[in-house]
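Architecture and fold: a report
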Amino acid sequence: MSTLDAVIVGSGPNGLSAGILLAQKGLSVQIIEAEDTIGGGTRTKELTEPGFLHDVCSAVHPTAVASPFLSKLELKKYGLEWVYPEVAAAHPFDSGNAILGYQDLEKTSEQFGKDSKFYKRLFSEFIDHWDALRHDLFGTLRSVQNPLLMASFGWYGWLSAKDLTSSLFKNPETKAFFAGMAAHSILPLEKLFSSSFGLVLTTSMHAVGWPIAKGGSAKITHAMAKYFESLGGSIEIGNRIKSFKELPNARAVLFDLTPHQIAKICDQTLPSDFRKKLENYEYGPGVFKMDFAVSEPIPWKNEECKKAGTVHLGGTFEELAHSEREIWKGNHPEKPYVLLSQPTLFDASRAPNGKHVVWAYCHVPNSSEKDCSEEIINQIERYAPGFRDTIIATHSMNAVQMNTYNENYVGGDINGGAQSFKQLIGRPVLKWDPYKLPHKGFYICSSSTPPGGGVHGMCGFHAAKSALKNEFGITL
Ligand SMILES: Cc1cc2nc3c(=O)[nH]c(=O)nc-3n(C[C@H](O)[C@H](O)[C@H](O)COP(=O)(O)OP(=O)(O)OC[C@H]3O[C@@H](n4cnc5c(N)ncnc54)[C@H](O)[C@@H]3O)c2cc1C
């Protein structure tokens, strides 16, 4: 039997990134994917009606264009085209007003009244030094190249979103806008460190924008796969690995999987104390995902929301904080924080003429089986009366169904594990090289490693870098 240099289990953005880096170094690499299509959290499918192309999971891609690795790949050559909505994120209120997050810092901050100068002061330094900052933010979080900049980022980033907004801002709309960003963390907004997600997402909005992929998110991983194959890599689909014994011979094996899956697949090959740590790894809340085929654009009370790729629904800081807190207590809030994307306003290729797709999800307790369709529709109706009448068809998945759809979403957790401070650094366990598993040649390369969730491929990049050094003596 011929021996491959490396085998990768899972073809999500991190598995593909790892494969690309290894193949770029001339190694023979095979990716094995359980499903009959590649892409993990980036698939695009006709979920509702023929001709309506829905992003099953990820939809909006600031982390892909910010990623030091993905942004350098010439994926345009392989069919990836970014589309930038004029407004990255809108945050509407019951009053009919809405804060619009533009790439332009000045234009965005003008909406914050007296908070304007504090908002600009907070983000200017990070935007001006974005190129340096992103290398550390998307690094292994073990060593930093720009300690002063990271100290400045950390000064604000370790705070809870509640403390950061109450110390810097007076205007309730500024606080709510930042809360909409920070709540992507799926952490209670009173929790230390929850502001860091708001800082990264808001800075990326001003520094690089929040694009969508023309034709849907699947175009990202399809382009990565084509590039990977052009380097000599091969991909096998429809093969769900249940034990490491099923894997072909290879000097390195990289798992684009989360700790619980790896503990099962690797079983006795891993020392029992390490396996126990993987089994004790904590997953965060899940999501309830809903897709709509609609007959017209969402009838927002505030027309300006039609310029936005993403819309954060949920109102004031206090409401959003209540909603996220309830989820961590195991409850389902009546008015959840809803993340919504309306891609066909900027990419007509994804729906029949004049029709649209809408993508939305809300956070729910881990392993929730509750149908939150009505809660999501009610939140949209609140800011867009008449939305319900435009619905042609819907498709939804509760947290358990999300897990069935992709085994990496344990209990519906879309980030490969809770993004608490402990698990950002100690992801999957606290050690200097978090990618290397304690079995010769085995690595973990999924979003359960630093820098965590999102379509950026950096977990795969760092894991492949570690494998190159340890197994092949190649240092980058
Ligand atoms: C509803 C939702 C919305 C999201 N929105 C965004 C967004 O807008 N922007 C963003 O950047 N991120 C978003 N994300 C998160 C993003 O999709 C993930 O962080 C990202 O896909 C993680 O990549 P990964 O390669 O680590 O894992 P995955 O993408 O999950 O890939 C893992 C792959 O491994 C395969 N696999 C699992 N078990 C096996 C096995 N035993 N054998 C073989 N193959 C196996 C799976 O089928 C899958 O293809 C969202 C996720 C969800 C679910």
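Definitions and limits used
Residues numbered from 1 in each chain as written. Predicted model: local features only at pLDDT ≥ 70, side-chain atom pairs only at ≥ 80, totals over all residues. Heavy atoms only, no water. Buried < 20%, exposed > 50% of the residue type's maximum accessible area, 1.4 Å probe, protein only. Helix = DSSP H or I, 4+ residues; strand = E, 2+ residues; numbered from the N terminus. Pairing = 2+ DSSP bridges. Axes fitted to C-alpha atoms, helices over the stretch in contact; angles between N-to-C directions. Domains from an automatic or database assignment. Contact = heavy atoms within 4.5 Å. Buried area = accessible area lost by both parts, 1.4 Å probe. Salt bridge = Lys/Arg side-chain N within 4 Å of Asp/Glu carboxyl O. Polar contact = N/O pair within 3.5 Å; in protein donor to acceptor, adjacent residues only side chain to side chain. Nonpolar A, V, L, I, M, F, W, Y, C, P; charged D, E, K, R; others polar. Near = heavy atom within 4 Å.

**Quick look at helix α14 (residues 373-383)**
Summarising burial for α14: 8 of the 11 residues are buried, a large majority. Along α14, the residues classified as buried are Ser 373, Glu 375, Ile 376, Ile 377, Gln 379, Ile 380, Arg 382 and Tyr 383.

**What to know about the sheet that holds strand β11 (residues 286-294)**
Sheet strands pair via backbone hydrogen bonds, and the direction of the pair is either parallel or antiparallel. Here 7 strands make up an open sheet; going across it, the order is β7-β6-β12-β13-β14-β11-β15 and the pairing mixed. Whereas interior strands pair on both sides, the edge strands pair on one side only; in this sheet they are β7 (98-102) and β15 (391-397). The mean angle between the axes of side-by-side strands here comes to 20°, regardless of whether they run parallel or antiparallel. Relative to β15, β11 runs antiparallel, the two being bridged by 6 bridges. Residue pairing across strands places Asp 291 opposite His 395, the latter belonging to β15.

**Re the domain arrangement of the protein chain**
When the parts come together, some accessible area is lost, and that loss is often what is quoted as the size of the interface. Per the domain assignment, the segments making up the protein chain are domain 1 (4-34 + 239-281 + 415-472) and domain 2 (82-212 + 284-404). Contacts between the two partners involve 18 residues from domain 1 and, on the opposite side, 15 residues from domain 2. Interface area for domain 1 against domain 2, summed over the two sides, is near 1,300 Å², with a carbon-plus-sulfur share of 68%. For the pair domain 1 and domain 2, the number of links is 0 salt bridges. The interface formed by domain 1 and domain 2 contains 4 residue pairs in polar contact (both at pLDDT 80 or more). Put simply, the parts of the chain that give the side of domain 1 that touches domain 2 at least two residues each are α16 (421-425) and α17 (458-472). By residue number, the principal contributor to the side of domain 1 that touches domain 2 is α16, which donates 3 residues. A breakdown of the residues in the side of domain 1 that touches domain 2 according to their chemical character gives 11 nonpolar, 6 polar and 1 charged.

**Considerations on the site of the ligand**
Around the ligand sit 39 residues, and of these Glu 33, Gly 41, Val 60, Gly 454 and Val 455 come closest. Within the backbone of Pro 13, an N or O atom sits 3.3 Å from an oxygen atom of the ligand. In the environment of the ligand, an oxygen atom lies 3.3 Å from a nitrogen or oxygen atom belonging to the side chain of Thr 63. Looking at the shell around the ligand, the elements with two or more residues in it are α1 (13-24), α11 (259-266) and β14 (356-364). With 3 residues, α1 is the single largest residue contributor to the shell around the ligand. Its residues placed into classes, the shell around the ligand shows 16 nonpolar, 17 polar and 6 charged. For the shell around the ligand, the two domains that each supply at least three residues are domain 1 (4-34 + 239-281 + 415-472) and domain 2 (82-212 + 284-404).

**Structural notes on the pairing of β11**
Of all 9 residues making up β11, 9 are buried, and the element is well covered by its neighbours. Here β11 shows no split at all, with Gly 286, Phe 288, Met 290, Phe 292 and Val 294 on one side and Val 287, Lys 289, Asp 291 and Ala 293 on the other all buried. Bridge count between β11 and β14: 9 bridges; the pairing is antiparallel. Pairing of Gly 286 across the sheet is with Val 364, part of β14.

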